[in-house]
Structure formats: C-alpha cells, structure tokens
Amino acid sequence: MNNKVLLENLRCIPDFPIKGVLFRDVTTLFKSAECMRIMQDELVDLYKDKGITKIVGVESRGFIMSSALATKLNAGVVLCRKPNKLPCEVISKTYKKEYGEDTVQIHKDAIDENDVVLIHDDLLATGGTMKAVCDLVKEFNPKKIYVSFLMELVNEGFEGRKIFDDDIEVSSLLQV
C-alpha cells in the first residue's frame, strides 16, 4: 500500500539501537490525526468483510490500532502481553528470540472457537513474536486467524512473512 503521507511521517533514526541500523519509528504516525485516520481507514478496508470478532493487540504498540479498528469492525479487543501483566488465568507461549527467550500471554477466556481473529502489531521484521502469538491464538481453535502490521521490513534482508503457516493471511500497510 505504502501510502505517501504515512511514509513522509515515518521517522527514521540512524544507528539505533546499534550502529548500522536504520530504525523506523512508527510513533510519529500515532501523533498525527491524519495518519491515524489513514491507517484506520486502510486497515478497515482490508478487514471489513472478513467477519472479524476479536482483535488481538500485541504489546504495546499493537494496542493502539487494535482498539481503533475494533470500534469500526464491531469486534472485541484482546490484549496479548508479556508475563505477569494480565490479572486472571492465562495461557502462555515461550519462544526464542535473537538473544534469548520471551513469553507472551492471553487471558484463558479471551477467545473461543466461534471467533474470527485479527492479530495486530506495529512491525514485522523476523516475525518471531507474531509467530508465537499466532501459535498461542491457535490454541483457542478459532475459525480463522488474520495477521496485520503497520510496517513490514523487506529491504534489510528480513523475511518474517515466510515463517507463518499457509492458512494465515498476512498484510502490512507499509513495506520498507
């Protein structure tokens, strides 16, 4: 999609978090009402006919657009968080990252087999976190799972899209 306004408002920070990395900061998109409207409209257009009943927002930037989308798609919001952040019984998925392990959790009663789930986060690079979230959501046995990102890194040798199962439809608003 690569909307020109979104690309123009995306902040790029050289040498962050380490030398040689060009960090793309989506927080500049959130502070603009115009960008928020564009992102919401484009995501709603992608998913308005998919029967979405729950949107899983991945901590923490995924919470922003998942909430905005839920109001337009008439869906509920489910929070996917790091350990010890959710107050009730959870199910967990631990996964390997570049430098160790991490865990994601969702409330045990958040999703059921009648749900059509859209999982949303801000960025797709290697895809490890989102793959873990997908595997976690699959444990609920929903009817269908979709995955969306605001931005997908494609020019730095990242191939995160390739790690998802064939039955998972993946979309991103920006590919940089």
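Computed from a predicted model, the values in this text were never measured in an experiment.

Colleague: Could you give an account of the packing of aromatic side chains, naming the residues involved and the relevant values?
Modeller: The tally for this structure, following the rule as stated, stands at two aromatic pairs. Ring geometry for F16 and F23: centres 5.2 Å apart, planes at 80°, overall edge-to-face. Taking relative accessible area as the criterion, F23 reaches 27% and is therefore assigned partly exposed. When the centroid spacing of 5.9 Å and the interplanar angle of 70° are considered together, the rings of Y47 and Y146 count as edge-to-face. Note that Y47 is positioned in helix α3 (residues 33–47) and Y146 in strand β8 (residues 144–152), a separation of 99 residues in sequence. Exposure remark for Y47: the relative accessible area of 1% places this residue in the buried category.

Colleague: Tell me about the packing of α3 against helix α4 (residues 62–73), and name the residues and values.
Modeller: For any two helices packed against each other, one specifies the crossing angle of their axes together with the interaxial distance. Taken N-terminus to C-terminus, the directions of α3 and α4 make an angle of 55°; their axes are 10 Å apart at the nearest point. Classified by the angle between their axes, α3 and α4 sit oblique to one another. Helix-helix and strand crossings are classified by hand; for α3 and α4 the assignment is right-handed. Counting all contacts with α3, which are made through M36, M39, Q40, L43, V44 and Y47, the residues of α4 involved are I64, M65, A68, L69, T71, K72 and L73. Considered class by class, the residues forming the contact of α3 with α4 number ten nonpolar, two polar and one charged.

Colleague: How would you explain the pairing of β8 if you had to name every residue and give the values?
Modeller: Of all nine residues that make up β8, eight are buried, and the element is covered over most of its length. Inspection of the sheet shows strand β7 (residues 116–124) paired to β8 by eight bridges, in the parallel sense. Bridge assignment links L118 to a residue of β8, and that residue is Y146. For the segment spanning β7, helix α5 (residues 128–138) and β8, crossover handedness is right-handed. Judged from the six bridges that link them, β8 and strand β9 (residues 169–175) form a sheet pairing that is parallel. Within β9, the position partnered with S148 by the bridge is S171.

Colleague: How would you sum up the layout of surface pockets? Please name residues and give values.
Modeller: Put simply, the largest pocket is a space of about 1200 Å³. Where the lining of the largest pocket is concerned, the elements lending two or more residues are β2 (22–25), β5 (90–97), β6 (100–107), β7, α5 and β8. Class assignment of the residues belonging to the lining of the largest pocket gives a composition of 20 nonpolar, seven polar and 13 charged.

Basis of the calculations
- Residues numbered from 1 in each chain as written.
- Predicted model: local features only at pLDDT ≥ 70, side-chain atom pairs only at ≥ 80, totals over all residues.
- Heavy atoms only, no water.
- Phe/Tyr/Trp six-rings, centres within 6.5 Å; stacked < 30°, edge-to-face > 60°.
- Buried < 20%, exposed > 50% of the residue type's maximum accessible area, 1.4 Å probe, protein only.
- Helix = DSSP H or I, 4+ residues; strand = E, 2+ residues; numbered from the N terminus.
- Axes fitted to C-alpha atoms, helices over the stretch in contact; angles between N-to-C directions.
- Parallel < 35°, antiparallel > 145°, perpendicular 65-115°, else oblique.
- Left-handed = near helix turned anticlockwise from the far one by under 90°.
- Contact = heavy atoms within 4.5 Å.
- Nonpolar A, V, L, I, M, F, W, Y, C, P; charged D, E, K, R; others polar.
- Pairing = 2+ DSSP bridges.
- Right-handed = clockwise from strand over helix to strand, strands pointing away.
- 1 Å grid on protein atoms, 1.4 Å probe; cavity = no way out; pocket = protein on both sides within 12 Å on 5 of 7 lines; lining within 4 Å.
- Points joined across faces, edges and corners; volume = space filled by probe spheres on them.

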